[in-house]
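If you want the building blocks of each chain, they are given just below.
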2 protein chains.
Amino acid sequence: MSTNSPNPRVVVIGAGFGGLAVAKALGGAPVQVTVLDRENHHLFQPLLYQVATAGLSPANIAQPVRSILRRYSNVEVLMADVTGFDLEKKLVLAGGRSVPFDYLVVATGARHSYFGHPEWEQFAPGLKTLEDALDIRRRLLLAFEKAEAETDPVERERLLTFVIVGAGPTGVEMAGAISEIARETMLRDFRRIDPREAQVILLDAAERVLPVFDADLSRKAESQLHHLNVTVKLGVSVQDINADGVRTNEGFIHARTVVWAAGNAASPLVKALPGTFDRAGRIQISETLNLPDAPHIYVIGDTAHCPGKDHKPLPGVSPVALQQGAHVAENILAQIEGRALKKFAYWDRGSMATIGRHRAVADVHFAKFSGLMAWLAWVFIHLIFLMNFRSRVSVFLTWVWSYFTRAQGARLITGKK
Amino acid sequence: MSTNSPNPRVVVIGAGFGGLAVAKALGGAPVQVTVLDRENHHLFQPLLYQVATAGLSPANIAQPVRSILRRYSNVEVLMADVTGFDLEKKLVLAGGRSVPFDYLVVATGARHSYFGHPEWEQFAPGLKTLEDALDIRRRLLLAFEKAEAETDPVERERLLTFVIVGAGPTGVEMAGAISEIARETMLRDFRRIDPREAQVILLDAAERVLPVFDADLSRKAESQLHHLNVTVKLGVSVQDINADGVRTNEGFIHARTVVWAAGNAASPLVKALPGTFDRAGRIQISETLNLPDAPHIYVIGDTAHCPGKDHKPLPGVSPVALQQGAHVAENILAQIEGRALKKFAYWDRGSMATIGRHRAVADVHFAKFSGLMAWLAWVFIHLIFLMNFRSRVSVFLTWVWSYFTRAQGARLITGKK
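Keep in mind that this is a model prediction, so the values were computed, not measured.

**Q** Even after reading the chapter, I still don't get the overall build of chain A, so can you show me in this structure?
**A** In terms of helices and strands, chain A carries 11 helices and 25 strands. Taking 22 Å as the expected radius of gyration for a compact globule of 417 residues, we find that chain A reaches 22 Å, a close match to that expectation. With respect to the principal axes defined by its C-alpha atoms, chain A has extents near 80 × 50 × 45 Å. Sequence-distant contacts, at least 24 apart, represent 63% of the contacts inside chain A between residues at least 6 apart.

Written as structure tokens, this is what we have:
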């Protein structure tokens, strides 16, 4: 071939934290990058629960993928739903189209998993996409509207009972936010119901909330939740979910609104790749982040089972995906230039979760803290990482405004009722 | 009856500009007010086109009806879809519920009308609700995404052709905004298409744009549209709309995206009231804003045919509804106290329409102006009238940001694709 041979083609599937990190790190490099995503926007998922609980608008936490990547002239973006691969011919199949690649990065994330009960989803939606968040917002707000119009006290109580299944960060954040909406935001909005009668119940089969945190912080988070009038039920397993509520090993909880914040499963697309899979559907990757049987294929983020310390897989959080993305870009360039691949090592800077309007817990290794200080740290970190300046200013003002007025500005019911 | 007899019940249907004006003016008065709306939010409709063209988020221009009215303890809000009346028993029927009234105010607004062709709606959606706006936004943004992925140049051209039917204020504002998105906002976002190739065509059967304005301002608006590369076709009547485009008396225009900004029809609920109706389905009301045959029933806003100067009906704009709402509240209190009803007189403070990012036309009677000055006046007036402080600040910052960066922050495709 002549020296004018075209640059190697890198196809990245998924414009989440991982996929974008790959594309940005390859911006300006001698490769042609194509980013495929079924949505037109990147989502700042850590704040998605604030859209679901009417604190923020979708545009505050999402941004068109094209805008984020527009400055990199060797990167193109295609909005497309990837349906499979032709791995022999090195093609990604997306509807009627096929996109050729030399190197492939799969960063398609995870959906919630209902532990073999997909029929629960209609009664207990999970929170992964903007549509999910708007659906949950609609259900939450409609429950209060219906309770206001309801004359039967039993049905009214069921309408005002909110069950969150799963006491990880998303479940804890949702429970705190719902309780605060009921007890503060909506306080004077209704004439027939007292929104403070709302019961928020947080369930988990584990013995403590936020199990990825230190046990001491779990206890603090639990006491902060009690303070917000959230009923925390631990060691409780869900046996069934239907239109009337949740059946657990401890009895039936009548509730018209149930939110699912429990298991995750890797996006099913990864099943079409060669390898071994864990129980959560994640594909086992090598220490260089590619597939042992297909070294030109990389899998990162929530889709990958990546061994960490003590051989436990790395958690499905954005810092893992971000660091893996940058690392994959380096390894792809090394492969192209015939250099050796580097092993990935995750630098864990800690975890934090917010609980209501001014409480949080944070574990940053050198220190563990909770309460207002942790909350301020959480606000700071989230604003720093919000992607563009306008979102940062507008989210900050929205927060300041709702902090002082206790108003949630985005209390809009849209879509099907 | 004792002096403890309950206060008269006023039921207001619709929480648009008119209905809210009634409820606010009756706040604190010796009446019980119930506001019914099928949505939970009031919409600042004059800015709806900015949600459709991805400049603003739904929460910027909408606010929960409960929040707006929370301070009036004699006003309650019910989210309910009114299906009819029992006028004998003085009941409003809303699903399974019936709401009794002594005085009724119908302020249910208008939907777009397709001149007897309801089948056109699926191909050419109109712009009245937040759902409409998000649907049009989705269609606009998807057209560019599909064009980027399209290899057939003929289909690509059809995807990049946008037809707006109706050159009233909404049509003119939509056309200007779409053209600017294509020519400025999206300029560097695509690799395969040049968004400047997009064609925006504004059609109207009338002989000038903005027919409610002075002829001189119509000409100025038309030249501002030309400046923004909008093709204005006047004296053109639509004969059919289908998935391929629009058939007119001058030939077929191939376009994958068509927006309807032409006729309006009063909400059909009003048909259940006694009276005479005009061609737009509006009920004829008396000069005191109630029905000649049912003086305890008032109809206002876009639902009413209210004679103005020269016996022409008042236009369907927010100042008419606002002034009528305040007037209705006065007349209801007069009826209760046995005083004579006052005739309504509309105080027309003029009209304005914006054309793109920094152009507008304004007719305020004592002066007619166009260009940047008119645009600044438009910005000022719209910010003043935006309902709450947070929206005002956040809309202002969004505008300032997108003015200087030419970015549209809300370019999110949500919902079904």
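**Q** I would appreciate a short explanation of the pairing of strand β11 (residues 161-165) of chain A in the present structure.
**A** Residue and element names in this part refer to chain A. Burial runs high along β11: 5 of the 5 residues are buried. Judged by which residues are buried, β11 turns out to be covered on both faces: Thr161, Val163 and Val165 on one side and Phe162 and Ile164 on the other are all buried. Bridging between β11 and strand β12 (residues 199-204) involves 5 bridges; their strand directions are parallel. The residue of β12 that forms the bridge with Val163 is Ile201. Taken together, the 4 bridges between β11 and strand β17 (residues 257-260) define a ladder with parallel strand orientation.

**Q** Explanation requested: the sheet that holds strand β7 (residues 91-94) of chain B in the structure shown.
**A** The strands making up a sheet associate through hydrogen bonds between their backbones, and the pairing can be parallel or antiparallel. All names here are of chain B. Spatially, 3 strands are ordered β6-β7-β8 in an open sheet, and the strand pairing comes out antiparallel. The open sheet has two edge strands, β6 (84-86) and β8 (97-100), and neither has a second partner. Averaged over all pairs of adjacent strands, the angle between strand axes in this sheet comes to 30 degrees, irrespective of strand direction. Relative to β8, β7 runs antiparallel, the two sharing 4 bridges. By the bridge assignment for β8, Ala94 is matched with Arg97.

**Q** Help me understand the nonpolar core, please; the structure alone is not making it clear to me.
**A** A general feature of soluble globular proteins is that nonpolar side chains tend to end up buried together. Val165 of chain A together with Val165 of chain B are the most contacted members of the largest nonpolar core, which totals 152 residues. Residues in contact with Val165 of chain B, not counting those within four places in the same chain, are Ala124, Leu203, Val238, Val246, Val258, Trp260, Ala261 and Ala262 of chain B.

**Q** Looking at this structure, how should I read the domain arrangement of chain A?
**A** Accessible area lost upon the coming together of the parts is a frequently used measure of interface size. With domains assigned, chain A is organised as domain 1 (9-38 + 80-112 + 264-336) and domain 2 (118-262). For domain 1 of chain A and domain 2 of chain A, the distance between their C-alpha centres works out to 34 Å.

**Q** What is the right way to read unusual backbone geometry from this model?
**A** Trans peptide bonds make up most of the peptide bonds, and negative phi angles are found at most residues other than glycine. Phi is positive for Leu210 of chain A, close to 45 degrees, though the residue is something other than glycine. By secondary structure assignment, the location of Leu210 of chain A is in the loop between β12 and α8 (215-227). Located in the positive-phi region is Leu289 of chain B, a residue other than glycine, with phi close to 80 degrees.

**Q** Is there a simple way to explain helix α9 (residues 318-337) of chain B in this structure?
**A** Under the 1.5 Å per step criterion, the end-to-end length of α9 of chain B is 29 Å for 20 residues, consistent within 8% with the ideal 28 Å. Those residues of α9 of chain B that fall on the buried side of the exposure criterion are Val320, Ala321, Gln323, Gln324, Gly325, His327, Val328, Ala329, Asn331 and Ile332 of chain B.

**Q** What's the story with the pairing of strand β2 (residues 32-37) of chain A in this structure? I'm lost.
**A** Residues in a regular strand project their side chains so that they alternate between the two faces of the sheet. All names here are of chain A. With 5 of 6 residues buried, β2 lies mostly within the body of the structure. Pairing geometry for strand β1 (residues 9-13) and β2, over 5 bridges, is parallel. Across the sheet, Val12 pairs through a bridge with Val35, a residue of β2. Regarding the hand of the β-α-β motif, the stretch spanning β1, helix α1 (residues 17-25) and β2 is right-handed. Two strands pair when backbone bridges link them, and β2 and strand β5 (residues 75-79) are joined in this way by 5 bridges, in the parallel orientation.

**Q** Help me out: how do you make sense of the environment of Lys342 of chain B in this one?
**A** Within the element layout of this structure, Lys342 of chain B appears in the loop between α9 and β23 (351-354). Those residues in contact with Lys342 of chain B that lie beyond four places of it in its chain are Thr288, Glu330 and Asn331 of chain B.

**Q** Any chance you could explain the packing of α1 of chain A against helix α9 (residues 318-336) of chain A here in plain terms?
**A** When two helices pack together, you describe them by how their axes are tilted relative to each other and by the distance separating the axes. Residues and elements named next belong to chain A. Running from amino to carboxyl end, α1 crosses α9 at an angle of 30 degrees, the nearest separation of the two axes being 7 Å. With respect to their mutual orientation, α1 and α9 come out roughly parallel. Viewed along their axes, α1 and α9 form a crossing whose handedness is right-handed. Contacts between α1 and α9 involve Phe17, Gly18, Gly19, Leu20, Ala21, Val22 and Ala25 from the first element and Ser318, Ala321, Leu322, Gln324, Gly325, Ala326, Val328 and Ala329 from the second. The class makeup of the residues in the contact of α1 with α9 is 10 nonpolar, 5 polar and no charged.

**Q** Would you mind showing me how to read the sheet that holds strand β11 (residues 161-165) of chain B here?
**A** Residue and element names in this part refer to chain B. Reading across the sheet, the 4 strands line up as β13-β12-β11-β17 and stay open at both edges, with parallel pairing between neighbours. Only two strands of the sheet have a single neighbouring strand rather than two, namely β13 (230-234) and β17 (257-260). For this sheet the average axis-to-axis angle between neighbouring strands, irrespective of direction, equals 20 degrees. Sitting on the sheet, helix α7 (residues 169-185) is in contact with β11, β12 (199-204), β13 and β17, with an inclination near 170 degrees to β12.

**Q** Is there a simple way to explain the environment of Pro292 of chain B in this structure?
**A** Residue and element names in this part refer to chain B. Here Pro292 shows up in the loop between β20 (290-291) and β21 (294-299). Residue Pro292 is classed as exposed on the basis of its C-beta count, with 12 C-beta atoms lying within 10 Å. Dropping the residues within four chain positions of it, Pro292 is found in contact with Gly275 and Ser286.

**Q** Help me understand the confidence of the model for chain A in this model?
**A** In low-pLDDT segments, the atomic positions of the prediction should not be examined closely. Looking at chain A, pLDDT values average 89 and 91% of them are 70 or higher. Of the two predicted TM-score estimates for the complex, the pTM is 0.88 and the ipTM is 0.84.

**Q** It is not clear to me how the environment of Glu88 of chain A should be interpreted in this structure. Could you clarify?
**A** Looking at where Glu88 of chain A falls in the secondary structure, it is placed in the loop between β6 (84-86) and β7 (91-94). Through-space distance from the C-alpha of Glu88 of chain A to that of Ala21 of chain A is 27 Å; in sequence the pair is 67 residues apart.

Cut-offs applied
- Residues numbered from 1 in each chain as written.
- Chains lettered and ligands numbered in written order.
- Predicted model: local features only at pLDDT ≥ 70, side-chain atom pairs only at ≥ 80, totals over all residues.
- Helix = DSSP H or I, 4+ residues; strand = E, 2+ residues; numbered from the N terminus.
- Rg over C-alpha atoms; globule rule 2.2 N^0.38 Å.
- Contact = placed C-beta atoms within 7 Å.
- Buried ≥ 20, exposed ≤ 12 C-beta atoms within 10 Å, placed from the backbone.
- Pairing = 2+ DSSP bridges.
- Axes fitted to C-alpha atoms, helices over the stretch in contact; angles between N-to-C directions.
- Core = buried A, V, L, I, M, F, W, Y, C linked by C-beta atoms within 7 Å.
- Domains from an automatic or database assignment.
- Expected span 1.5 Å × (residues − 1).
- Right-handed = clockwise from strand over helix to strand, strands pointing away.
- Parallel < 35°, antiparallel > 145°, perpendicular 65-115°, else oblique.
- Left-handed = near helix turned anticlockwise from the far one by under 90°.
- Nonpolar A, V, L, I, M, F, W, Y, C, P; charged D, E, K, R; others polar.
- pLDDT = per-residue confidence, 0-100.

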